[in-house]
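A closer look at the structure
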Amino acid sequence: MASDPHRLSEDTTRTLAERVFARLQDDIVRGVIAPGSKVSETGLAGRYGVSRGPLREAIRRLESRKLLEREVHVGTRVASLSFADLIEIYHVREALEGMAARLAAENMSAAEVAGLTDLLGQHEQQQDLREDTAYFQREGDLDFHYRIIQGSHNGTLIRMLIGELYHLVRMYRYQFSTTSNRPQKALNEHRRIVEAIEARDGEMAELLMRRHISRARENIEQQAGGAGFKS
């Protein structure tokens, strides 16, 4: 049976769009392209060596993830939060992810807990984390906080915490993790949370998660001067 040339073309475009999407998302999350920066299709096409078709598909996906935003008469920019909005979100995260950690201690299966331990083992091998310069977590199941939220087995919490702001908050989480001495401290805090979950100590898991996010918020408050916040 002959191959459909149109299908081959569609598959090639989709593959290119996936690649440029992954690269552009990583560059945004890592701060290579700073929050609030204006981007153009021409500039991005040249940067990533792709045509406009797959690039536009990647841009649409990043807009749906709230990492890019289109403004009338201005163009497309990397999304950014105001300092006040980000701090508000961290206060909400402290309360809700603390609850998620408590529920995870009550509801996660032994296999899910073992998966958390394995995940931290993978994180520990990252060169930048070993050097204590950054703590990069890929999205979804490769993200410690995502796993804890899913492990709560509470649909309402999952919808609230892994909703439209997840990817934007993940960007700020990474960029502020590059503060000196914070990456290793964050990893150790993650380990203690897993120990509490494994011990089925929901009260301790909640306390440790709240403390972990509170320290991250305090780090943002101390470092916010040079960050890309909306005025």
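Residues numbered from 1 in each chain as written. Predicted model: local features only at pLDDT ≥ 70, side-chain atom pairs only at ≥ 80, totals over all residues. Heavy atoms only, no water.

**What about the side chain of Q25?**
Defined as follows: Secondary structure elements are taken from DSSP: a helix is a run of H or I of four residues or more, a strand is a run of E of two residues or more, and numbering for both begins at the N terminus. Whenever two N or O atoms come within 3.5 Å, that pair is a polar contact, provided that in protein one can donate a hydrogen and the other can accept it, and provided that, for residues adjacent in sequence, both atoms are side-chain atoms. By definition, residues are in contact when any of their heavy atoms lie within 4.5 Å.
The residue Q25 is located in helix 1 (residues 5–29) in this model. In this structure the side chain of Q25 is engaged in a polar contact, spanning 2.9 Å, whose partner is the side chain of R65. A polar side-chain atom of Q25 sits 2.7 Å from a polar atom in the side chain of E139. Ignoring any residue separated from it by four or fewer positions in sequence, one finds Q25 in contact with L62, R65, L67, E139, H167 and R170.

**Some points on helix 7 (residues 144–151)**
Residues three or four positions apart in an α-helix share a direction because the helix packs 3.6 residues into each turn. Defined as follows: The buried label goes to any residue with under 20% of its type's maximum accessible area, the exposed label to any with over 50%, and the partly exposed label to all in between, with areas taken from a 1.4 Å probe on protein chains only.
The element helix 7 is largely enclosed, with a buried count of six among its eight residues. Those residues of helix 7 that are buried lie in contact with helix 4 (83–107), helix 5 (110–124), helix 8 (155–161), helix 9 (166–177), helix 10 (182–198) and helix 11 (202–223). Two or three places before H145, at the start of helix 7, stands the capping residue D143, its side-chain oxygen 3.0 Å from that residue's backbone nitrogen.

**Here's the deal with the pairing of strand 2 (residues 68–71)**
Condition: Whether two strands pair comes down to DSSP finding at least two bridges between them.
In terms of strand pairing, strand 2 meets strand 3 (residues 75–78) through four bridges, oriented antiparallel. Directly across from L68, in strand 3, lies its bridge partner V78. Hairpin connection between strand 2 and strand 3: a loop of three residues separates the two successive antiparallel strands, and H73 in this loop has a positive phi of roughly 65°.

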